[in-house]
Each structure stands twice: as structure tokens, then as C-alpha cells.
Amino acid sequence: VITRPEMEIGRYHWMYRSSRPHRYHHVPAVRGNISPLGIPGCFECCIKCLGGVPYASLVATILCFSGVALFCGCGHVALTGTVAILEQHFSTTASDHALLSEVIQLMQYVIYGIASFFFLYGIILLAEGFYTTSAVKELHGEFKTTACGRCISGMFVFLTYVLGVAWLGVFGFSAVPVFMFYNIWSTCEVIKSLQTNVTVPGDQICVDIRQYGIIPWNAVPGKACGPILENICNTNEFYMSYHLFIVACAGAGATVIALIHFLMILSSNWAYLKDASKMQAYQDIKAKEEQELQDIQSRSKEQLNSYT
């Protein structure tokens, strides 16, 4: 006759062996890649370190740093050249462009703040990429994710989304001076092409900066015509400012692409951390059940010993 303790022992063996997780045994490395003492060699250590690098976050960080550096550096110099062009050719009275000079100076200070902020923010996002990559690598190991870590990852997703929308506006705003300088340059090209045509004088072709709203209508002279406008296009300030505004606009576009890339990475990392938290809860429940089965086994052995 099978006693109750024996039935409990049989039930334990049936449940415990079926619920025991599959354990992967470490496959020994090639003998040539390890030292005689069994310590991993330099090659294995390098491969392990390279496997933990978040390459997607690294590429996005480099692209973000490059875009912000181009926008801030080129934009700062281009704004300085624009003020020089206005003061020398379109607004000779200081009071007419005083407000514009203050706005440009304020924008240059804002550029300093943008560069500092994105340098720090890019490093933080790269560190978050390293953190999440290690979490995914050790998903079935001793890694423990917390609700605070998942909340921080979600906050980075929201903040990166807001910054991406803001940089879309910056990209559109940076295209405005490119459009203005292109209009001036194209007008100069028209004047050059009309020099061979005697019937159409080039003095009648003008560019009025006042229509763009950057200087008041009472500014003197406010516009440039014919050879004067052509001379303006041949100055170093105009040439440098025009091309630097183009590069700054391209840098703003690169920053938008980098932030979209960061947004995809952060969303994926947040999903990985969420899965890690579920796996952690599953392992805790599993460990609790195994502990209960061990308690049943110990009690069954004690009852069996008492009966015998």
C-alpha cells in the first residue's frame, strides 16, 4: 500500500523535474584563445566588450553631435556676417537695425545653450543605450530592472519626441535665411547675364531687404540695385554667410534625423525593459514555487521518517 508521504514525494518529483528550467552549460572555448591558467585571453575580452556596445545609439549620437555642431558653429558665424552686410549696405543708421542686432545677439547666446544642452543630452542617451544593452544581454541572468529605470526610459522617449518636434521648427526656420540669400544671389546672376544686353539696364533690378521685415521701412537705403547689388554679392561676407547658412540648415536636418533615430532606439529599449520586468516577475514566481516544492519535500521526508 502506498502511503501518503510516498505519494507526496512522487508528486514532488513529477512536478519539480518538469518545472525545472533548462540550464545551458558553458561550452569551453578554443584552447588557443585562453591562457594556460584558463583565464580568457585578450581577444575574447575584446569580443565581449564589443558585443555590449550599442551601435545604433552610437551612430545616432555621432550624427546628433555633428548636426548640432554644424548648426551652432555655422549659424553663429553666418549671423555675424549678416549683421555686417546689413550695416554696410542696407541700413547705415544704427538705430534702424538696433532691434535686429539685439535679436541676433540673443540668438547667438541661445546657440551656446543649445550646443551645451545637446552635448550633455547626447551623452546621457548614449549611457542609457549602454544600460539597456546590458539589460538585454543579461535578461536571463542576475540583472534586475526597477520601475524607476523603466520610468526614466519612458521619460527619455517623451523628451526626445518633444525635442524632435522642436527641431523640425528649427529646421524650417533655418531655411528662411537660405531662401533670402538665394534670392539675392539669383538677382545678382540676372544682373550679370544682362550686362551683354544693352536694351535692358541692370540698374532697374533691385533687392529690397525691407520687404522681408528684418529692418523697418524707414531704413536708409534699404535696397541695393544694379552694380551695387552685384558688388555686395562679390563680398566675402555675403559668400561666407550664404554657404554657412546652407550648412547650418543641413546640420539642423541631420539633428532631426538623429532625434528620430534616438526615438526609435529609446522606444525599442523601453519595450525590452518592459519584457525584462515581466521575465523578472515570472522568475520570482517560479523561484517561489520551487521553494514551496522543496518545503513539501522536506516535510514529506520528515513524515516518512516518523512513520518508519
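Residues numbered from 1 in each chain as written. Predicted model: local features only at pLDDT ≥ 70, side-chain atom pairs only at ≥ 80, totals over all residues. Heavy atoms only, no water.

Soluble globular proteins tend to bury their nonpolar side chains together. With 50 residues, the main nonpolar core has Phe-90, Phe-118, Trp-167, Ile-184, Ile-209 and Leu-229 as its most contacted residues. For this core, the secondary structure elements donating two or more residues are helix 3 (55–90), helix 4 (98–137), helix 5 (147–193), helix 6 (226–233) and helix 7 (236–307). In terms of residues, this core owes the most to one element, helix 7, which gives 13 residues. Leave out the neighbours within four places in its chain, and Ile-184 touches Val-207, Ile-209, Leu-229, Cys-233 and Phe-238. (Core = buried A, V, L, I, M, F, W, Y, C linked by side-chain atoms within 4.5 Å. Buried < 20%, exposed > 50% of the residue type's maximum accessible area, 1.4 Å probe, protein only. Helix = DSSP H or I, 4+ residues; strand = E, 2+ residues; numbered from the N terminus. Contact = heavy atoms within 4.5 Å.)

On the UniProt side, "transmembrane region" (unreviewed entry) is annotated at positions that read residues 58–86, 106–131, 152–176 and 244–266 here. As annotated, residues 58–86 has a helix share of 100% and a strand share of 0%, and its two end C-alpha atoms lie 42 Å apart. Between the C-alpha atoms that bound residues 106–131 the distance is 37 Å, and the span itself is 100% helix and 0% strand. (UniProt positions renumbered as here; feature names shortened; annotations may be inferred.)

Turning next to the state of the cysteines. For the structure shown, the criterion picks out two disulfides. The disulfide bridge from Cys-188 ends at Cys-233, spanning 1.8 Å between sulfur atoms. Judged by the sign of its S-S torsion, about 60°, the bond between Cys-188 and Cys-233 is right-handed. Here Cys-233 lies in helix 6 and Cys-188 lies in helix 5, a separation of 45 residues in the sequence. No difference in accessibility class separates Cys-188 from Cys-233, as the two residues are buried. In this model Cys-74 remains outside any disulfide bridge; the closest cysteine sulfur is found in Cys-72, 9.8 Å from its own. (Disulfide = S-S within 2.5 Å.)

This part covers the pattern of salt bridges. Applying the stated criterion across every chain, the model contains two salt bridges. Salt-bridge contacts for Glu-189 lead to Lys-192; the nearest nitrogen and oxygen are separated by 3.9 Å. Pair noted here: Glu-189 and Lys-192 are both in helix 5, with a separation of three residues, about one helical turn. Put simply, Arg-210 and Asp-208 hold a salt bridge, and the shortest N to O gap is 3.0 Å. (Salt bridge = Lys/Arg side-chain N within 4 Å of Asp/Glu carboxyl O.)

Okay, a nonpolar patch on the surface next. On the surface, Phe-158, Tyr-161, Val-162 and Val-165 cluster together to form a nonpolar patch covering roughly 420 Å² of accessible area. Counting through the fold element by element, Val-162 comes out in helix 5. On the basis of relative accessibility, which here comes to 38%, the residue Val-162 falls in the partly exposed class. (Patch = residues over 30% accessible without salt bridge, like charges linked within 9 Å, V, L, I, M, F, W, Y side chains within 5 Å. Areas by Shrake-Rupley, 256 points an atom, 1.4 Å probe, with all protein chains shown as cover.)

What follows is about the environment of Leu-266. With respect to the element layout, Leu-266 can be found in helix 7. When neighbours within four sequence positions are excluded, Leu-266 is seen to be in contact with Leu-125, Glu-128, Phe-156, Val-157 and Thr-160.

For any pair of aromatic rings, the description rests on two quantities: the centre-to-centre distance and the angle between the ring planes. If you walk through the whole model with that rule in mind, you get 13 aromatic pairs. A ring pair is formed by Phe-117 and Tyr-121, whose centres lie 5.6 Å apart and whose planes are at 10°; its orientation type is stacked. Of this pair, Phe-117 and Tyr-121 both sit in helix 4, four residues apart, which is roughly one turn of that helix. Under the relative-accessibility criterion, Tyr-121 is labelled buried at 5%. A centroid spacing of 5.3 Å and a plane angle of 35° characterise the contact between Phe-181 and Phe-238, whose relative ring orientation is tilted. Here Phe-238 lies in helix 7 and Phe-181 lies in helix 5, a separation of 57 residues in the sequence. Residue classification places Phe-181 among the buried positions, given a relative accessible area of 7%. Classification of Phe-238 as buried rests on a relative accessible area of 2%. (Phe/Tyr/Trp six-rings, centres within 6.5 Å; stacked < 30°, edge-to-face > 60°.)

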